Amino acid sequence: MERVSFSGTAIERLRSGRVLVLTGAGVSAESGLATFRGEGGLWEGRDPVELATPEAFRRDPKTVWRFYTERREKAAQASPNAGHRALAALEEALGERFLLVTQNVDGLHERAGNRRIVRLHGSLWRLRCTRCGDEDEDLDLTASHRCRCGGRRRPGVVWFGEPLPEGAYEQAAEAAARADIVLVAGTSSIVYPAAGLPEIGREAGAWTVEINPERTAISDRVDERVPAASGSALPALVEASSPGAD
Ligand SMILES: [Zn+2]
């Protein structure tokens with residue numbers, strides 16, 4: 001494991017303060033998952049960004065479903081990595097002092113054990129009826145795309161041009177304003193409003209830490225930058241902040 005170090009302030013606040021963690025695509029990428037959102041990769045020669053819209057689903061639901069079925073399959077085959085496991089351990093240790101806000105839709109945080117979680121962009125594992133609005137968790141890859149009411153079900157993810165799930169951003173922003181430390185891991189911080197959360201925390205007095213091998217849009221506006229992959233930085237941070245470590 002590469003050597004990663006954190007400031008005394010970060011360690012201190014993790015030990016005794018309220019902790020908000022914001023995660024994004026990079027954390028999933030370390031489990032081998034492409035996320036597509038805002039990225040340049042193609043799927044069957046098409047820009048996934050064009051498939052991830054309500055208009056695309058209305059026009060061609062079969063193709064959009066094929067894209068999402070493939071993403072559900074890949075997510076099901078992937079495993080939580082060391083970064084996911086470190087965040088589950090952190091929640092276990094901190095309880096109500098901890099909240100995870102994620103832009104990821106693949107369910108790997110949940111599979112690692114996190115329960116105190118706000119999913120800003122929804123989940124691949126929730127299906128919602130476009131007619132009656134009924135929404136369920138559905139882990140079955142061959143689940144019917146028809147609702148009991150006869151309407152068409154869609155993936156419960158947030159598509160381009162759609163609002164975030166009701167109350168999700170408000171809950172995240174409130175936690176950011178109360179946090180003593182905000183950790184941002186594996187996100188390019190260009191997708192708003194998630195990208196604004198560290199700023200809300202910082203203005204309210206939180207210590208902000210960015211964990212990312214690459215510089216991002218917020219790199220100049222955080223208190224501390226850790227230029228490392230989340231899979232090595234998060235376990236190191238959890239270890240350094242656990243009681244008895246020095
Ligand atoms: Zn329905």
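Parameters and conventions
Residues numbered from 1 in each chain as written. Predicted model: local features only at pLDDT ≥ 70, side-chain atom pairs only at ≥ 80, totals over all residues. Heavy atoms only, no water. Pairing = 2+ DSSP bridges. Helix = DSSP H or I, 4+ residues; strand = E, 2+ residues; numbered from the N terminus. Axes fitted to C-alpha atoms, helices over the stretch in contact; angles between N-to-C directions. Salt bridge = Lys/Arg side-chain N within 4 Å of Asp/Glu carboxyl O. Phe/Tyr/Trp six-rings, centres within 6.5 Å; stacked < 30°, edge-to-face > 60°. Buried < 20%, exposed > 50% of the residue type's maximum accessible area, 1.4 Å probe, protein only. Lys NZ or Arg CZ within 6 Å of the ring centre and 35° of its normal. Donors = N, O, S within 2.8 Å, 3.2 Å for Na, K, Ca; no water.

Trainee: Looking at this structure, I do not really get the sheet that holds strand E5 (residues 135-137). What am I missing?
Mentor: Pairing between sheet strands relies on hydrogen bonds along the backbone, with the strands arranged either parallel or antiparallel. With respect to topology, 3 strands assemble into an open sheet ordered E5-E4-E6, the strand pairing being antiparallel. With one partner strand each, in any of the chains shown, E5 and strand E6 (153-157) form the two edges of the open sheet. Averaged over all pairs of adjacent strands, the angle between strand axes in this sheet comes to 40°, irrespective of strand direction.

Trainee: Teacher, can you tell me more about the pattern of salt bridges here?
Mentor: Two side chains with opposite charge may pair up if their charged atoms get near one another. Per the stated rule, a full pass over the model turns up 13 salt bridges. Several salt bridges converge on common partners, so that one network encompasses Arg126, Arg128 and Glu135.

Trainee: Quick question: what am I supposed to make of the packing of aromatic side chains here?
Mentor: The geometry of an aromatic ring pair is captured by the separation of the ring centres together with the interplanar angle, meaning the angle of the planes. Scanning the entire structure with this criterion turns up 4 aromatic pairs. Aromatic side chains Tyr68 and Trp159 sit 6.0 Å apart centroid to centroid with 50° between the ring planes, which places their arrangement in the tilted category. Here the residue Tyr68 occupies a position in helix H5 (residues 61-77), and Trp159 occupies one in the loop between E6 and helix H8 (168-178), the gap between them amounting to 91 residues. On the accessibility criterion, Tyr68 (2% relative accessible area) is buried. Ring pairing ties together the aromatic residues Trp43, Phe57, Phe67, Tyr68 and Trp159, which thus form one cluster. The ring centre of Trp159 lies 3.8 Å from the NZ or CZ of Arg154, which sits over that ring.

Trainee: Explanation requested: the coordination of the zinc ion in the structure shown.
Mentor: The reference angle at a metal is 109.5 degrees if four donors form a tetrahedron and 90 or 180 degrees if six donors form an octahedron. Surrounding the zinc ion are the protein donor atoms Cys129 (SG), Cys132 (SG), Cys147 (SG) and Cys149 (SG), at 2.3 Å. On the primary sequence, the residues serving as donors to the zinc ion are separated as C-x2-C-x14-C-x1-C. Of the two residues, Cys132 is situated in the loop between strand E4 (122-129) and E5 and Cys149 in the loop between E5 and E6; the sequence distance between them amounts to 17 residues. Using a relative accessible area of 46% as the deciding quantity, one classes Cys132 as partly exposed. Taking relative accessible area as the criterion, Cys149 reaches 33% and is therefore assigned partly exposed.

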